[in-house]
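# Overview (structure and organization)
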Amino acid sequence: LNYFSRDNSERNGLLFVGRNVERKGINAFKESARQNNEVEHKFVTNDLNPEIKELSNTSYKSNLTRSELRKEYRESEALVLPSKWGEGLPLVIIESLACGTPVISSDAPGNQQVLTSGVGRNIENISASDIVKAYSEMNLEEMRKNCRERSKNFSLKNKAEKILEKYKEESN
């Protein structure tokens, strides 16, 4: 988590990080770009349909290094993860929070457990209009203050300390 840390970069637009498959909810993000041309929509994915690349409010990147990905998180106003299925432990949410970037996500299993109201919004059956609405309603600046602290709950150090506590409790 130290690698993905917050800085004071100027922030702009919404960010999607994931494979270009419906399971990841990319179609909701694409439609959000079409519906909300006032806001930049940044796609970090393996491939993108040509018609999306042609929209004036979109940018597309692929095969980023960790350093380049960290820069994208830091320079975005919010990460959008509209997954249709469970994510397990969604690393992109944890990385985004570590960079101080709030998250708009579906309420898929995994997302719910990581994301709390102070750092983003979980939305049931997320759609493009939900993304636009959440973005306009969220107090992003206030949430940014909480993001880094929330990400620390998922650090290796924190998890190791919790395991040691359990061992101590069980051995007594």
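Note that this is a predicted model, so its numbers are computed, not measured.

About the criteria used
Residues numbered from 1 in each chain as written. Predicted model: local features only at pLDDT ≥ 70, side-chain atom pairs only at ≥ 80, totals over all residues. Heavy atoms only, no water. Axes fitted to C-alpha atoms, helices over the stretch in contact; angles between N-to-C directions. Helix = DSSP H or I, 4+ residues; strand = E, 2+ residues; numbered from the N terminus. Left-handed = near helix turned anticlockwise from the far one by under 90°. Contact = heavy atoms within 4.5 Å. Nonpolar A, V, L, I, M, F, W, Y, C, P; charged D, E, K, R; others polar. Buried < 20%, exposed > 50% of the residue type's maximum accessible area, 1.4 Å probe, protein only. Pairing = 2+ DSSP bridges.

Running from N to C, helix α1 (residues 26–35) and helix α6 (residues 128–137) cross one another at 65°; their axes reach a closest spacing of 7 Å. Every pair of crossing elements has a handedness; the one defined by α1 and α6 is right-handed. Of α6, the residues touching α1 (which contributes Ala28, Phe29, Glu31, Ser32 and Gln35) are Ala128, Ser129, Ile131 and Val132. In terms of residue class, the contact of α1 with α6 is built from five nonpolar, three polar and one charged.

Along strand β5 (residues 103–106), one buried face is formed by Val103 and Ser105 and the opposite face, lined by Ile104 and Ser106, is buried too. Here strand β4 (residues 78–81) pairs with β5 via three bridges, running parallel. Within the sheet, the bridge partner assigned to Leu81 lies in β5 and is Ser105. Here β5 runs beside strand β6 (residues 120–123); their pairing, made up of four bridges, is parallel. Within the sheet, the bridge partner assigned to Val103 lies in β6 and is Gly120.

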